[in-house]
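Structural overview for review
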Amino acid sequence: MPGSIDYSLINVKPDPDTKEWWDATKEDRLLVRQCNDCSKKFFPPFPACPGCTSMSLGWYETEGKGMIYSYNVVVQPILAPFVPAVPYITAVIDLPDCTNEDGSITRIVGVLTDDEEAVAIGNPVEVVFEKSEDSEYVMPRWRVTGVAENAWKFTGEGGGPVGG
Amino acid sequence: MGALTDKYCIVGVGETPHMRPSNRTTLSMACEAVRNAMADSGLDPSEISGMTSYQYGDSCDSAAVASSLGIRLDYAVDIIGGGNSTETLVAHAIGLIEAGYCRNMVIFRSMNGRSGLRFGGQDPDGPVPVTNVSSISDMWDAWGFTTPAQHHGLTCMRYMRDYGLTSRHLGEVAVAHRRHANLNPKSIFYDRPLSMDDYLKGRWVSKPFRLFDCCLETDVAAAIIVAPREWAYNLKQPPVFIMGGTARTQTPDASYRWNREKIHYVGANYGRHRLFGMSGVTHDDIDFVSAYDAFTFTSLILLEGYGFAPEGEIGDFVEGGTLQIDGKLPSNLSGGHLSEGYTHGIAMVIENVRQLRHRTDDSCPGWREGKHTYDREKGCRQLKKAEIAACLAWGTETESSAMIIRR
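Since this is a predicted model, take the numbers as computed values, not measurements.

Looking now at the overall build of chain A. The helix and strand tally for chain A stands at 1 helix and 11 strands. Order of helices (α) and strands (β) in chain A, N terminus to C terminus: β-α-β-β-β-β-β-β-β-β-β-β. Taken over C-alpha atoms, the radius of gyration comes to 17 Å for chain A, in line with the 15 Å a tight globule of 164 residues would show. With respect to the principal axes defined by its C-alpha atoms, chain A has extents near 45 × 40 × 25 Å. The buried share among the 164 residues of chain A stands at 42%. Sequence-distant contacts in chain A: of pairs separated by 6 or more residues, those separated by 24 or more amount to 56%.

Here it is in structure tokens:
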């Protein structure tokens, strides 16, 4: 497992665009934006709908299950809160329940709770809300829940199928 | 061809050394670079009419540089931006001179990129102590997803999965640009050769990127001067003509960054048609390129995006020394950001200008007069055939600028 993140060094003070999103994390809810006019779902929570320009926007609560679209293994830390966590995995995650009718997809970025061993492109993940006494808000993280049939992972000079 | 193809020229170039640290102000460094560019062109301060720069609030402004050097400007503006700005400001210069707002334009970038604002994300002394999270763009910081190495590494990892790109393909870029730096006395890595084995032994920064996939951070200023063709013929240097370009052109898919269906499509995939259409040339006409190398991968994805290889095939394209001097498509002949130093792109344009003049500042004693040995063992960096160059600039994943220039 990766080391822990030092939440005492992360100072979350949401602006009006992101306040409701962060507030929902306190109730273990993961939100994406949803347009009240055209129903498009999107993330991050921009103040206008990229589909129809509407500024009448609500939220959609995703079930928080997705697939790893791509990932990094961060070895050199840039931010002090993550110094004790290296090496840690950041991933871009496809959220299938946030795919739109026009085919446009919604992805979110997050830190996994797993180490490199469990990680592969394609693998299923689910959100976990990591509570900390040092943080008013709750960081959504992601846990690998299985191995996909078409999973692919980086092995040092390139990559290939998991176990292949 | 574009209506203004070949009507404007780059007539002067200049820079400071790459320093780590400079112990100087960005104003002082900018003055030196602009002064050197004026001297290179033969233009007197009284003849300079326009000045512009790009920065992230980490630098001085044009008005201060002009005042320092006794230049009275007809036009001055400073824009926000990084790696796609030089070519963008060349487009501004052409439009503004054409419209009569000024008669020529100095473009500069001055940055303490190692001792001041570091674009690798760290503070000058190491990791940023506190992570402040407020806006949408800060959300990634809360998740430790903050540095360009992670952003581009993510695209690279997916591209590897989709198209079979390998670390050795990335290493082709690192080795080629380092070889060029070894021929460039100005470069940080002048005395440090790099083999493919050396590259592969580099420590991990953020997988799939190793140490030598990532560019240097340096303190430096650099400047170029754009003027109408009529001026250029009367100045000190052989003119370098601007054939065409594309400026901060965005991706075909407007979706935000990694929400795009094809994550490896960058502004280049759209800008390529504008670039080659306006310039009136094809890929076969290009003798050499600069391809923005914040990372090895950014060079590759730009080359593919601008159409130098079919989709998914840039790895095969660069195999076997393609990008090296005397290879099929020499890239970043000064050593680039990976091995010369970090200037947010403007030094790559300067190198291309010097190559096109056939006056590359290498170890040949007669380089100022255009006398070169073409002997790489003796440190000659001048290409034999340097008629047309493509300057391919980065920026963010969503935007790209480029221009094609000729002698």
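Structure shown, so let's carry the discussion forward.
Next up on the list: the overall build of chain B. In terms of helices and strands, chain B carries 13 helices and 12 strands. Rg of the C-alpha trace for chain B: 20 Å, near the compact-globule value of 22 Å for 407 residues, within the 12% margin. Across its three principal axes, chain B shows a C-alpha extent of roughly 55 × 50 × 40 Å. Expressed as a percentage of the 407 residues in chain B, the buried residues total 60%.

Below, the discussion takes up the environment of E98(B). In this fold, E98(B) is placed in helix 3 (residues 85-99). The class of E98(B) is partly exposed, set by 13 C-beta atoms lying within 10 Å.

A cis amide bond, omega 5°, links F43(A) with the succeeding residue P44(A). Summarising the element assignment, P44(A) is placed in the loop between strand 3 (41-42) and strand 4 (57-62). Cis geometry marks the peptide bond from R20(B) to P21(B), where omega comes out at 5°. Relative to the helices and strands, P21(B) resides in the loop between strand 1 (8-15) and helix 1 (26-41). Although it is not a glycine, Y374(B) adopts a positive phi angle of roughly 60°. Considering the arrangement of structural elements, one finds Y374(B) in the loop between helix 13 (346-357) and strand 11 (388-393). Its 13 C-beta neighbours within 10 Å are what place Y374(B) among the partly exposed residues.

Residues and elements named next belong to chain B. Among the nonpolar cores identified, the biggest contains 168 residues, and I224, V226 and L392 are the most heavily contacted of them. Element by element, the count of residues in this core is highest for strand 8 (residues 219-228), at 8 residues. When neighbours within four sequence positions are excluded, V226 is seen to be in contact with Y8, I10, V90, A93, I94, N104, M105 and I107.

Along any regular strand, the residues point their side chains to alternate faces of the sheet. Residue and element names in this part refer to chain B. Burial of strand 11 is extensive: 5 of the 6 residues sit out of reach of the surface. Pairing of strand 10 (residues 288-291) with strand 11 involves 4 bridges; the strand directions are parallel. Of the residues in strand 11, the one forming a bridge with A291 is L392. For strand 11 and strand 12 (residues 399-406), the ladder comprises 6 bridges, and the chain directions are antiparallel. Considered in strand 12, the bridge of A393 is made with S401.

With that settled, consider the packing of helix 6 (residues 167-181) of chain B against helix 10 (residues 296-305) of chain B. All names here are of chain B. Here helix 6 crosses helix 10 at 100°, and the two axes come no closer than 8 Å. Considering the angle they form, helix 6 stands roughly perpendicular to helix 10. When helix 6 is examined against helix 10, the residues H169, L170, V173 and A174 are found in contact with a partner set consisting of T296, F297, S299 and L300.

Residues and elements named next belong to chain A. Taking strand neighbours across the sheet as the criterion, the 3 strands line up as 3-2-4 in an open arrangement whose pairing is antiparallel. Every interior strand has two partners, whereas the edge strands, strand 3 and strand 4, have only one. Pairing analysis gives 6 bridges linking strand 2 (residues 30-35) to strand 4, with the strands arranged antiparallel. Across the sheet, Q34 pairs through a bridge with G58, a residue of strand 4.

All right, on to the interface of chain B and chain A then. Taken together, the contacts link 42 residues of chain B with 46 residues of chain A. Here the element with the most residues in the side of chain B that touches chain A is helix 5 (residues 148-163) of chain B; it accounts for 7 residues. Residues of the side of chain B that touches chain A, tallied by class, amount to 20 nonpolar, 16 polar and 6 charged.

Right, let's talk about the confidence of the model for chain A for a bit. Of the residues in chain A, 99% reach a pLDDT of 70 or more, and the chain-wide mean stands at 94. Here strand 11 (residues 159-161) of chain A stands out as the least confident element of chain A, with mean pLDDT 92; strand 4 of chain A is the most confident, with 98.

Residue and element names in this part refer to chain B. With respect to the helices, strands and loops of the structure, C364 is situated in the loop between helix 13 and strand 11. Overall, the presence of 20 C-beta atoms within 10 Å leaves C364 in the buried class. Spatially, the C-alpha atoms of C364 and T296 are 29 Å apart, while their sequence positions differ by 68 residues. Setting aside residues no more than four positions away along its own chain, C364 makes contact with K371, H372, T373 and C380.

Next up on the list: the confidence of the model for chain B. Chain-level pLDDT for chain B is 95 on average; 100% of the residues reach the 70-or-more range. For this predicted complex, the interface confidence score (ipTM) comes to 0.96, while the overall pTM stands at 0.96.

Once that is clear, we can look at the sheet that holds strand 3 (residues 75-80) of chain B. Residues and elements named next belong to chain B. Reading across from one edge, 3-2-4-8-1-9-12-11-10 is the order of the 9 strands in this open sheet, with mixed pairing throughout. Bordering the open sheet on either side are strand 3 and strand 10, each of which pairs with just one other strand. Here the strands of the sheet are splayed against their neighbours by 25° on average, with no regard to which way each runs. Bridge analysis of strand 2 (residues 50-55) against strand 3 gives 6 bridges, and the strand direction is parallel. The residue bridging Q55 from the neighbouring strand is I80, located in strand 3. In the packing of helix 3 onto the sheet, contacts are made with strand 1, strand 2, strand 3, strand 4 (105-112), strand 8, strand 9 (240-250), strand 11 and strand 12, and the angle to strand 9 comes to roughly 115°.

How each quantity is defined
Residues numbered from 1 in each chain as written. Chains lettered and ligands numbered in written order. Predicted model: local features only at pLDDT ≥ 70, side-chain atom pairs only at ≥ 80, totals over all residues. Helix = DSSP H or I, 4+ residues; strand = E, 2+ residues; numbered from the N terminus. Rg over C-alpha atoms; globule rule 2.2 N^0.38 Å. Buried ≥ 20, exposed ≤ 12 C-beta atoms within 10 Å, placed from the backbone. Contact = placed C-beta atoms within 7 Å. Core = buried A, V, L, I, M, F, W, Y, C linked by C-beta atoms within 7 Å. Pairing = 2+ DSSP bridges. Axes fitted to C-alpha atoms, helices over the stretch in contact; angles between N-to-C directions. Parallel < 35°, antiparallel > 145°, perpendicular 65-115°, else oblique. Nonpolar A, V, L, I, M, F, W, Y, C, P; charged D, E, K, R; others polar. pLDDT = per-residue confidence, 0-100.

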